[in-house]
Amino acid sequence: MARVVPRPEMTLAEKAYIPEILRGMRVTWSHFLKGFNEPETLPVQSYPEVQWEIDRNYRAKHRLMKRPDGEPRCVACFMCSTACPARCIHIEATESDDPRIEKKPAKFDIDLLVCVFCGLCAEACPVDAIRMDTKVIALAADTRGKFVATKEQLLDWNPADYPASDTQSQKAPGGLLNAEARARWAQGDAT
Amino acid sequence: MSNSYNKPVLPKADSKKVSIVVDGADVEVPEGTNLVEALKTIGIDTPHFCYHQDLPVAGNCRQCMVETDGPRGMGLAIACYTPVRPGMKVATDRSSEKVKTARKAVMEFLLANHPLDCPICDKAGECTLQDNYMSSGKHESRMREEIGKQYKGAPEHRHLDAKGQDRGGKHIDLGPTVILDQERCILCDRCTRFMRDVAGDEQLYIAARGDHAFITTFPGQPLQHDYDLNVTDICPVGALTGKHFRFQQRVWLLSKTETIAPDDSLGANITVEHHDGHVWRIMPRRHPDVNKSWISNATRLLYQTLSENRLTGGSFRGADVPLADAVERARELVHGARKVALVASGHLTLEDNAALLALAESLGSRAEVFGGSWLAVGAPDGIARSGDPVANRLGCTLLGISDNLSDLVRRAKEFDCLVVAGHDLWAADAERAKSLSVIPERIALSAWHDATAQASTLAVGIRAWAEVRGSMINVQGRIQRLQAAPTAPTPDLEPAWQVISRLGHLGWTSEVDAFRFAQGRIPALSGLNYRTIGSQGRILEGVAP
Ligand code: SF4
Ligand code: SF4
Ligand code: SF4
Ligand code: FES
C-alpha cells in the first residue's frame, strides 16, 4: 500500500542552503583546528597501531575447543558444515582412540575466504566445540591456501587469552581449571 | 520370533480389490495383503520398525498399531500382521486417540534407554526411529534425570564370553564388514531374520531376555556372509553399521542416482550416492522381481573402484597423451588399417555396443566385430546375483554380436588393428589374450588402467558405468536403465559410445542416437525410450532364453 511521506517543512534560512553549509563546515573546521592545538583529545584512533577493543561476542575467526587432555572436543558430527551457508567447513571423520568417544575429526578445515562469519556453525555445534570468540578479525595472507585454517591452527589458542570466567576454555591444557578437569576426565567424567 | 513361512503378501498391480472402512470412509484395497500395505495403497503410512516387505513378519515392535473391529468391538492390533478382511473397520491415528496413545507409548519405551547419539550416528537422517518419533512420538521425556539412561558403553556392560568374544557395548566388531552398537539396537530382529531367511545362514541371534536382550553372533563365530552388509540397510537404527561407510559422510549430504549393478547379469537395482563429485556408497533399490531389497557385498563395494586406478587421459606406447590426441590418433589408426577387429563388451551398455556396430558398418568389409567373454560363469545364488559377471550379455546377443572371441584368437594374424571397448581381456585370460599381441596396433577404450590398457599400444580413457546413461538387458530379458552420476574423475572423459562415434564419424550427439540404432537391430525395443523403460525396467517380449 502506498504511503505518503510528508516533506519536512523548512525555514527560509534552510531553504537558502548557504547558511546550512556553513553550519556544517563549522564542525569540520573546529575539529581541524583542534588537531593542531590538542591532537590527543580527538575522537579518533591511530589505527592500526592502536586497535579497537572488540567484544567477545563479536563473530571473529573460529577456534576449536579442547578437552582437558588437549584432544579436540569436536565429535566430527558435520552439524556445523551442514549448517554453514557458505559450505566452507571440510571435515573428515575418523575413529577416536578414546573408547568413550565415538569419532573425532581427522581433518577440519575452514576456508576463511569463503566463510561469511555468520556464526551458524557455532550455533549448530551440539558440544560447544567450535567458537568464534578469538577477536581475530583482520586476516592477511599472501596465498589463498593460507586462508584455510586447519585443525591444528584452530586448536592453537592459549587459555591465558580468555577470561577466568570462561570455564570451558580454562579446562583446556594450560588453563586455570585444567588440573582438576584432567583428573576428573581420567576417571571417566566427560563433562 | 518369526517363521520363514509368514512372508507378507504384497499387493500386485492386478490384485483383486475388496472394500474396507478406514477412519469411517469406504475404501478399496488389495485383497489378501496386510494392513500396512493396504493402507499404503490409499496413501496412509503406518509407522513401523520390524516389518519389512521382503522379510517374514515378526510383529514384535508394536509400533504399527491400528484399531480394528473384532468380536469385542474395536481394539488395538498390529497392522503388519492383520490381514485385510472384506468389510473390516480400521481406525488409524487420524481418527483414534487410542492408536495415537499406543504408538506414543511404544515410542517412549523404545527411547527409554536409547542414547542421544544422533549427531554422531551414521543412521541419522535416514533413521526410522527419528522418523517415527516425529510422526508418532514427540513426547516429553519422563525419565528422571538423576537416574539417567542405562549406558551400555560403560565398562561394566562389556563382557567377554568363554570364547573371548565381545558380547556388549557400543563398538562390537561382529566380523569383517559390520560393527554393532548395542545401545542403539531396538531389537526389531530384522537382521536375524535376514540372515536366517534370506541369506540362509543364521549367524545372528537375540541372546538373553527382556531389558537385557542383545543381538550377537554365535560364540567365537563372526558375522561373515556375501550379503551381510544388507543388515546395515534394514537395521532401522544405527545399531549395525558397515565398516566401509562408517563415519564417511552424513547421509543427508548425499545425492542419489538410480542405476543398475554392472557386475552381474541380473542387474541388481541400485542407487549410487554421491557428494562433491565422489561416490560414497551404493545402496540397493527395491525391485520386487529382480533383487528385492538386496545387493551382494561385492556389488555394494564396487564404488571403491570408481576412484581407483582410473584412466583419465590417454596413453600411447606407454607415454601419457592428452585425451583428445589419443582419440584423434585412434581414429587415424582405425582408418589407416587394412583390417580391423572390433571387440564388443557385455560390460558396456547397449548404446556403446550399438556404436561399435555402427563403426563396423561405416568401415565396411575392413572391420569385423567379435564378442563374448572369457570370465567364468557361476550359478545363481537366489538372492541378487545370477552368477554371470557379464551384465549385458543378453543385450549383446540380441544386437547380433556372437560369442566368437576364440575365432579372433585363432585368426589374429589377419588383422592389423584391434579395438577393445570396455573389456579387460588380458585380466580375464592373459594366456589367450597374449596371442592377440601379434596385432600391431591395439587400441583399448577403458575406464581403468587395467591389464588390457597396459597391453595396448594406445589406451583411451572412457567413463565408467556409474557415469554413463544407457541401458542393459538382464538375464531375465528385462531392459534396465543406467543413469549418470556427476562423478567422472575429469569432465573431459566421454562415454564409450561417444568415443566410438568420433572414431567412425557417426556424428551421434547423445545416447538417444545410439539407442535408436540399437532399436533398428532389436525389434523388441521398438516403441521404447528411456522414460518408458522407467526406473524399474521393462520385460522385453520373447527375448528371455
Ligand atoms: S558441529 Fe561441533 S562437534 Fe560437530 S563437527 Fe562441527 S565442530 Fe565438530
Ligand atoms: S539410531 Fe542413531 S539416528 Fe536413530 S535415533 Fe538412535 S542415535 Fe539417533
Ligand atoms: S541390530 Fe538393528 S536390525 Fe538387528 S535387532 Fe537391533 S535394531 Fe533390529
Ligand atoms: S511393524 Fe508391526 S509390530 Fe513391528
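Quantities reported herein were computed from a predicted structural model and do not represent experimental measurements. (Residues numbered from 1 in each chain as written. Chains lettered and ligands numbered in written order. Predicted model: local features only at pLDDT ≥ 70, side-chain atom pairs only at ≥ 80, totals over all residues. Heavy atoms only, no water.)

## Concerning the overall build of chain A
Secondary structure assignment for chain A yields seven helices and five strands. In chain A, the order of α-helices and β-strands from amino to carboxyl end is α-α-β-α-β-β-α-β-β-α-α-α. Relative to the 2.2 N^0.38 estimate, which gives 16 Å for 191 residues, the radius of gyration of chain A is 25 Å and therefore markedly larger than a compact globule would have. A principal-axis box enclosing the C-alpha atoms of chain A has dimensions of 80 × 50 × 35 Å. (Helix = DSSP H or I, 4+ residues; strand = E, 2+ residues; numbered from the N terminus. Rg over C-alpha atoms; globule rule 2.2 N^0.38 Å.)

## A look at the overall build of chain B
For chain B, the helix and strand inventory stands at 16 helices and 23 strands. Seen through its C-alpha atoms, chain B measures out along the principal axes to roughly 85 × 55 × 35 Å. For chain B, buried positions account for 57% of its 545 residues. As displayed, chain B has an accessible area near 22900 Å², and 52% of this comes from carbon and sulfur atoms. Within chain B, one finds 62 positive and 66 negative side-chain charges whose respective centroids are separated by 3 Å. (Buried < 20%, exposed > 50% of the residue type's maximum accessible area, 1.4 Å probe, protein only. Areas by Shrake-Rupley, 256 points an atom, 1.4 Å probe, with all protein chains shown as cover. Lys, Arg positive; Asp, Glu negative; His and termini not counted. Charge placed at Lys NZ, Arg CZ, Asp CG, Glu CD.)

## Digging into the site of ligand 1
Taken together, 14 residues surround ligand 1, and among them Cys74, Cys77, Phe78, Cys80 and Cys125 of chain A come closest. Its residues assigned to classes, the shell around ligand 1 shows 14 nonpolar, no polar and no charged. (Near = heavy atom within 4 Å. Nonpolar A, V, L, I, M, F, W, Y, C, P; charged D, E, K, R; others polar.)

## Section: the packing of helix α2 (residues 97-112) of chain B against helix α3 (residues 128-137) of chain B
Residue and element names in this part refer to chain B. Running from amino to carboxyl end, α2 crosses α3 at an angle of 140°, the nearest separation of the two axes being 9 Å. By the angle between their axes, α2 is oblique relative to α3. In the crossing of α2 with α3, the sense of the turn from one axis to the other is left-handed. Residues Arg103, Lys104, Met107, Leu110 and Leu111 of α2 lie in contact with α3, whose contacting residues are Leu129, Asn132, Tyr133, Ser136 and Gly137. Residue classes in the contact of α2 with α3 are distributed as five nonpolar, three polar and two charged. (Axes fitted to C-alpha atoms, helices over the stretch in contact; angles between N-to-C directions. Parallel < 35°, antiparallel > 145°, perpendicular 65-115°, else oblique. Left-handed = near helix turned anticlockwise from the far one by under 90°. Contact = heavy atoms within 4.5 Å.)

## Looking at the site of ligand 3
As a matter of local geometry, ligand 3 sits amid 13 residues, with Cys185, Cys188, Asp189, Cys191 and Cys235 of chain B nearest to it. Residues of the shell around ligand 3, tallied by class, amount to eleven nonpolar, no polar and two charged.

## Describing the pattern of salt bridges
Taken as a whole and assessed by the stated rule, the structure comprises 54 salt bridges over all chains. Across the pair Arg521 of chain B and Glu361 of chain B runs a salt bridge whose closest N-O atoms are separated by 2.4 Å. Here Arg521 of chain B, found in helix α15 (residues 511-521), pairs with Glu361 of chain B, found in helix α8 (residues 350-363); they are 160 residues apart in sequence, far enough to count as distant. Through salt bridges with shared partners, a single network forms among Glu95 and Glu102 of chain A together with Asp117, Lys170, Asp181, Glu183, Arg184 and Arg246 of chain B. (Salt bridge = Lys/Arg side-chain N within 4 Å of Asp/Glu carboxyl O.)

## Quick notes on the sheet that holds strand β3 (residues 103-111) of chain A
Residue and element names in this part refer to chain A. In space, the three strands of this open sheet follow the order β2-β3-β5, with antiparallel pairing throughout. Either end of the sheet is taken by a strand with one partner, and the two such strands are β2 (89-95) and β5 (148-149). Summarising the sheet, β2 and β3 pair through seven bridges and their orientation is antiparallel. Its bridge partner being in β3, Thr94 is matched across the sheet by Lys104. (Pairing = 2+ DSSP bridges.)

## Considering the interface of chain B and chain A
With 15 residues of chain B at the contact, the number on the chain A side is twelve residues. Between chain B and chain A, a total of about 1200 Å² is buried, with carbon and sulfur atoms accounting for 60% of that surface. Ranking the residues of chain B by area buried against chain A places Pro119, Ile120 and Phe247 of chain B at the top, with a combined share of 48%. Summed over the shared surface of chain B and chain A, the number is three salt bridges. Here Arg246 of chain B makes a salt bridge to Glu95 of chain A, at a shortest N to O gap of 3.1 Å. Where chain B touches chain A, the interface holds five residue pairs in polar contact (both at pLDDT 80 or more). In terms of residue class, the side of chain B that touches chain A is made up of six nonpolar, three polar and six charged. (Buried area = accessible area lost by both parts, 1.4 Å probe. Polar contact = N/O pair within 3.5 Å; in protein donor to acceptor, adjacent residues only side chain to side chain.)

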